[in-house]
Amino acid sequence: MDKFALPLDPGFSGASQDFPALLRNKGLLPRVPELTGGGEKSSFVPTESTTILAFKFLGGVLVAGDRRATAGNTVVYDRADKVLEIDRHSIMAIAGVPATAWEMARVLEHSFQYFRRTQLQEMSVDGKVRALSKLLRDNFGFVIQGVGVVVPIFATYDLNSEQAARLYFYDAMGAQFEVTDYAATGSGSPAVRGILYYENNWGAKTLQKLNEDEAVTIALRALDTAAEADTSTGGVDRGGKIFPLIKIVSRDGITTLPEEKIAAVFRETVA
């Protein structure tokens, strides 16, 4: 059998390139094809959703996301749902390509339901976070081609643990990181993390001591501030009366805050 011949460059140093770029240069990884239409060449720009945040407060874990979905510099949709319920005590918030993220959420939902019905008990928190991690690893082939990137946040409430409120964020390769206070991801996340850090360290109360209205106020301020610096973040649309989607996971399950309450808290915040 002939050996596989891979041309080597004695003067090559891989320090200036990442591994996928090296594979593409050697012809071992196909480049992403460009979509064409109307006889004119144009690059494919995927739809993406940002920004999301989550933090622990007195009543559990608050998870919030703005409503804007973009493709490049175009606003595709201004009422996107980025905070998805997976089961009675688990929420997945998405930043990245919605088509991929929503499919991951459906797979997780069915997996958790199947486990609960066949084993007559809830899947453990470790099992849940690893199931999402595996979906992200399986999606990595699309990620290195520049499509299908998803960077989620996973919040759950563990009824069998003293540390009941659990919060995780992931990278695109599926690495999971548990956080003690807050997490944010998406294009507007630098501004959001700055506000959450400030409030947690120098605010009147730490995040975990906030009541529900105070927690909602912090989330609205963070997303509205992020929208000022990041065009992909919708924040609060005062003219269109579009507010971020906010859900809370607690011992009693998942609560979706009505838009009327979010609007009332926002009016008090800016008054």
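Description of the structure in this document.

Rules of the game
Residues numbered from 1 in each chain as written. Predicted model: local features only at pLDDT ≥ 70, side-chain atom pairs only at ≥ 80, totals over all residues. Heavy atoms only, no water. Pairing = 2+ DSSP bridges. Helix = DSSP H or I, 4+ residues; strand = E, 2+ residues; numbered from the N terminus. Axes fitted to C-alpha atoms, helices over the stretch in contact; angles between N-to-C directions. Contact = heavy atoms within 4.5 Å. 1 Å grid on protein atoms, 1.4 Å probe; cavity = no way out; pocket = protein on both sides within 12 Å on 5 of 7 lines; lining within 4 Å. Points joined across faces, edges and corners; volume = space filled by probe spheres on them. Nonpolar A, V, L, I, M, F, W, Y, C, P; charged D, E, K, R; others polar. Polar contact = N/O pair within 3.5 Å; in protein donor to acceptor, adjacent residues only side chain to side chain. Patch = residues over 30% accessible without salt bridge, like charges linked within 9 Å, V, L, I, M, F, W, Y side chains within 5 Å. Areas by Shrake-Rupley, 256 points an atom, 1.4 Å probe, with all protein chains shown as cover. Salt bridge = Lys/Arg side-chain N within 4 Å of Asp/Glu carboxyl O. Buried < 20%, exposed > 50% of the residue type's maximum accessible area, 1.4 Å probe, protein only.

1. Here's the deal with the sheet that holds strand β14 (residues 245-250)
Next up, step 1: Across the sheet, 5 strands lie side by side as β13-β4-β5-β14-β15; this open sheet has antiparallel pairing. The open sheet is flanked by β13 (182-185) and β15 (253-256), the only strands paired with a single partner. Here the strands of the sheet are splayed against their neighbours by 15° on average, with no regard to which way each runs.
Next up, step 2: Both strand β4 (residues 52-57) and β13 contribute to a ladder of 4 bridges, which runs antiparallel. The residue bridging Leu 53 from the neighbouring strand is Ala 184, located in β13.
Next up, step 3: On top of the sheet, helix α5 (residues 189-202) reaches β4 and β13; it is set at about 165° to β13, its chief contact.

2. A word on the layout of surface pockets
Next up, step 1: Here the largest pocket is characterised by a volume of approximately 260 Å³.
Next up, step 2: Ranked by residues supplied to the lining of the largest pocket, first place goes to helix α3 (residues 125-138) with 3 residues.
Next up, step 3: In terms of residue class, the lining of the largest pocket is built from 4 nonpolar, 3 polar and 6 charged.

3. Side note on the side chain of Lys 247
Next up, step 1: Turning to its location among the elements, Lys 247 is positioned in strand β14.
Next up, step 2: Here the side chain of Lys 247 touches Val 83 through a polar contact of 3.1 Å, landing on its backbone oxygen.
Next up, step 3: With near-sequence residues (within four places) excluded, Lys 247 lies in contact with Val 61, Leu 62, Val 63, Val 83, Glu 85, Ile 91, Ile 254, Thr 255 and Thr 256.

4. Some thoughts on a nonpolar patch on the surface
Next up, step 1: Together, Tyr 197, Tyr 198 and Trp 202 give the surface a local cluster of nonpolar side chains, amounting to about 390 Å² of exposed area.
Next up, step 2: Here Tyr 198 lies in helix α5.
Next up, step 3: Looking at Tyr 198, the relative accessible area reads 46%, which means it is partly exposed.

5. Observations regarding the sheet that holds strand β8 (residues 83-87)
Strands in a sheet are paired, the pairing made by backbone hydrogen bonds, and the direction either parallel or antiparallel.
Next up, step 1: Ordered in space as β8-β9-β10-β11-β12, the 5 strands form an open sheet in which the pairing is antiparallel. Edge positions in the sheet fall to β8 and β12 (176-178), since each of these pairs with one other strand and no more. In this sheet, adjacent strand axes meet at a mean angle of 25° when their direction is disregarded.
Next up, step 2: On the sheet, helix α2 (residues 98-119) packs against β8, β9 (90-93) and β10 (153-157) and is oriented at approximately 20° with respect to β8.
Next up, step 3: The strands that α3 touches are β8, β9, β10, β11 (165-170) and β12; relative to β11, the one it contacts most, it runs at about 15°.

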